[in-house]
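Secondary and tertiary structure notes
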Amino acid sequence: MLLFAFTGIVRAQNIVKSLERYVPGQGKVTIHQDPRIEALLGTEYVATGEQTILKSPGYRVQVYAGNNSRTARNEATNMASKVKEYFPDLKTYAFFTSPRWLCRVGDFRSIEEADAMMRKLRATGVFKEVSIVKDQINIPL
């Protein structure tokens, strides 16, 4: 029963977000809700200097996973640089999560968006072992 209630909340949030969009000639709807509702969904707002980012569950494409060594760190950073060469606007994240170095790219809200990028990465011929992973994504506001 709890699973169905949570699914309803997620769908309700998507409906709320779609209602808040401004469409010329149709007006604007503003919805005020308790911030704890978004906390239940695993989202949070983070202010980074001049920009506010919404942290939310989503998907990224993993392009590298190495071991716990200095060379793996360099390879993860190099892989992030290669991604930037082919896709300059794509966000890259090279980081260490015990016991390995990872390089992930993108902030995708849906698995379909992540899949489209994964196919583009594979099509370059440079990124062969790519996969879609669930991750906490950053959505600029």
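Refer to the structure printed above.
Quick look at the structure, then. Every chain begins its residue count from 1, and numbering advances along the sequence as written. Residues qualify for local features only when their pLDDT is at least 70, as the model is predicted, and side-chain atom pairs are given and counted only at 80 or more; totals for whole chains, interfaces and linings, by contrast, use all residues. To get the side-chain values, all heavy atoms of the structure are used, and hydrogens and water are removed first.

Only runs of H or I of at least four residues qualify as helices and only runs of E of at least two qualify as strands under DSSP, and these elements are numbered from the N terminus. With respect to the helices, strands and loops of the structure, Arg-104 is situated in strand β4 (residues 100-108). On the basis of relative accessible area, Arg-104 is assigned to the buried category, the value being 12%. Any N or O atom pair separated by 3.5 Å or less is treated as a polar contact, with the protein-specific requirement of one donor-capable and one acceptor-capable atom, and with residues adjacent in sequence counted only for side-chain atom pairs. Polar contacts involving the side chain of Arg-104 include one to the side chain of Gln-62, which spans 2.8 Å. A polar side-chain atom of Arg-104 sits 3.0 Å from a polar atom in the side chain of Asp-135. Any two residues whose heavy atoms approach within 4.5 Å are treated as being in contact. If we ignore the near neighbours within four places in the chain, the residues touching Arg-104 are Arg-60, Val-61, Gln-62, Lys-91, Thr-92, Tyr-93, Phe-95, Val-133, Lys-134 and Asp-135. We call a residue buried when its accessible area falls under 20% of the maximum for its residue type, exposed when it is over 50%, and partly exposed in between, using a 1.4 Å probe and counting protein chains only.

Moving on, we get to the nonpolar core. The definition of a nonpolar core used throughout is a set of buried Ala, Val, Leu, Ile, Met, Phe, Trp, Tyr and Cys residues joined through side-chain atoms within 4.5 Å. Ranked by size, the top nonpolar core spans 21 residues in total, and within it Val-61, Val-63 and Leu-121 carry the most contacts. Contributions of two or more residues to this core are made by β2 (51-65), α3 (70-86), β4 and α4 (111-123). For this core, the element with the most residues is α3, which contributes five residues. With residues up to four places along the chain from it excluded, the contact list for Val-61 reads Cys-103, Arg-104, Val-105, Phe-108, Ala-114, Met-117, Met-118, Leu-121, Val-130 and Ser-131.

Helix span, expected: 1.5 Å multiplied by one less than the number of residues in the helix. Between its first and last C-alpha atoms α3 spans 25 Å; for 17 residues at 1.5 Å apiece the expected length is 24 Å, and the two agree. Every buried residue of α3 is listed here: Ala-72, Ala-76, Met-79, Ala-80 and Val-83. For α3, the angular spread of buried residues about the axis comes to 100 degrees, placing them on one side. Turned more than 90 degrees away from the buried face of α3, the exposed residues are Arg-70, Thr-71 and Glu-85. Picture the helix axis, draw a direction to every C-beta atom, and the arc is the one those directions span.

Right, let's talk about the environment of Ile-111 for a bit. By secondary structure assignment, the location of Ile-111 is in helix α4. What makes Ile-111 partly exposed here is its relative accessible area of 42%. Note: C-alpha distance between Ile-111 and Val-61 (50 residues apart in sequence) is 9.8 Å. Not counting residues up to four positions away in its chain, the partners in contact with Ile-111 are Tyr-59 and Ile-132.

For the rest of this paragraph, the subject is the packing of aromatic side chains. For this analysis, a ring pair means two rings from Phe, Tyr or Trp (six-membered ring only for Trp) whose centres lie within 6.5 Å, classed as stacked if their planes differ by under 30 degrees, edge-to-face if by over 60, and tilted for the remaining angles. Enumeration according to the criterion identifies two aromatic pairs in this entry. With centroids separated by 5.9 Å and ring planes inclined at 80 degrees, the aromatic side chains of Tyr-86 and Phe-127 adopt a geometry described as edge-to-face. On the criterion of sequence distance, the pair formed by Tyr-86 in helix α3 and Phe-127 in the loop between α4 and β5 (131-140) is long-range, its members being 41 residues apart. The exposure class of Phe-127 is buried, given its relative accessible area of 2%. Each ring, one from Phe-96 and one from Trp-101, has its centre 5.4 Å from the other, and the planes form 55 degrees; the classification is tilted. Here the guanidinium or amino end of Arg-60 rests over the ring plane of Tyr-93, the centre of that ring lying 3.7 Å away. We count a charge as sitting over a ring when the NZ of a lysine or the CZ of an arginine lies within 6 Å of the ring centre and within 35 degrees of the ring normal.

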